[in-house]
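Here is what each chain is made of, one letter per residue.
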Amino acid sequence: MPLVTESRYRPPFYLFNGHLQTIVPSLLREVPEVHYQRQRVETADGDFLDLDWARTEHLADTLGIISHGLEGDAGRPYVRGMARALNKAGIDALAWNYRSCSGEPNRLLRAYHLGDTDDLHFVVQQALRTGRYRRVFLTGFSAGGNMTLKYLGEDAARVPAQVERAAVFSVPTDLKAGSMHISRLENRIYLNRFLKTLREKIRRKAELLPGQLSVEGLEELSDFPQFDDRYTAPLHGFKSADEYYERSSSGRYLDGIRIPTLIVNAQNDPFLPPACFPRDAAERSPYVFLETPEAGGHVGFAEGLPSDGQYYSERRAVEFLTATVPA
């Protein structure tokens, strides 16, 4: 039943298509008010994660954990914007960086992948061990949204009781369909940007761990299925890219979600094919709320002037997370 049939989002007139709504916020937005405190935590497998905290001035008992997008980090404007919005609402923010995404390579051969819920669970546990937080909200963008949905739905009993709500944006709930969609000619500008940074990380990892990783033919990999079949899948325990996509796509886990969860996917998102709009799952579930505004782009949702600097995604997340009843 929770299909949000009417979205209040309207883009500014000068961002008149999905590509502009995607690119302009990514390149031009700044959120200087957020000042992180970094914490490095050691993982059980001998690696590390870097956590960036943005705390309120007053002692908060509520925390929002923010998961960034593919090849992103806690410093991206959309993450900083969400951290600022949470702080303004009296909520501490924790933006975590995936392995290899904090500005320093991780120690192990593996890095991160879009279904890596163990690290997200570890971050939730680390936050709760502080003893400060009575409630925890989860937010995520794109890849981070997929991780968040999968985490909530794959084993609801594992999710701590303090995790009460979630709001995610621009989520590729079907990874195979999404990987094929972004390979289309009109999306090559995005694909090439991702592949450039992924290749750089593979080269650096090969230098740090000599003899453990081959870079032969790396430059010839021209789309996500090729890259994921060669590197992402085998480095993270999957037999193939297809198995990785199947087991890591959040769409198959939505029926298992047991807390109010908002998904906002724009209809003009250049990254998302029709398979990434899980309307049937939202209609079945009393917990999954799907909002599909006509505009917004990918991790965009910019608002026009006058404005206090917040984007629709941030307003909507805080509204949903702090509501007394789901809406």
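Bear in mind that the values here come from a model prediction, so they are computed numbers and not experimental data.

Caption draft 1: Quick peek at helix α8 (residues 241–248). Those residues of α8 not exposed but buried are A241, Y244, Y245 and S248. Projected down its long axis, α8 carries its buried residues within an arc of 95°, all on one side. Residues of α8 that are buried in the fold lie against α4 (143–154), α5 (175–181) and α7 (224–235).

Caption draft 2: Representation of the sheet that holds strand β8 (residues 261–264) in the model. Spatial strand order, β1-β9-β8-β7-β6-β4-β5-β3-β2: nine strands in an open sheet with mixed pairing. With one partner strand each, in any of the chains shown, β1 (3–4) and β2 (37–42) form the two edges of the open sheet. Where strand β7 (residues 163–169) meets β8, four bridges bridge the pair, whose relative direction is parallel. By the bridge assignment for β8, V168 is matched with I263. α4 rests against β4 (62–67), β5 (92–97), β6 (135–141), β7 and β8 of the sheet, and its axis sits at about 135° to β6.

Caption draft 3: Broad picture of unusual backbone geometry. The phi angle at S142 is positive, at roughly 55°, despite the residue not being glycine. With respect to the element layout, S142 can be found in the loop between β6 and α4. The residue V299 is not glycine, and still its phi comes out positive at about 50°. Mapped onto the fold, V299 is located in the loop between β9 (288–291) and α10 (312–322).

The rules behind these values
Residues numbered from 1 in each chain as written. Predicted model: local features only at pLDDT ≥ 70, side-chain atom pairs only at ≥ 80, totals over all residues. Heavy atoms only, no water. Buried < 20%, exposed > 50% of the residue type's maximum accessible area, 1.4 Å probe, protein only. Helix = DSSP H or I, 4+ residues; strand = E, 2+ residues; numbered from the N terminus. Arc of directions from axis to C-beta. Contact = heavy atoms within 4.5 Å. Pairing = 2+ DSSP bridges. Axes fitted to C-alpha atoms, helices over the stretch in contact; angles between N-to-C directions.

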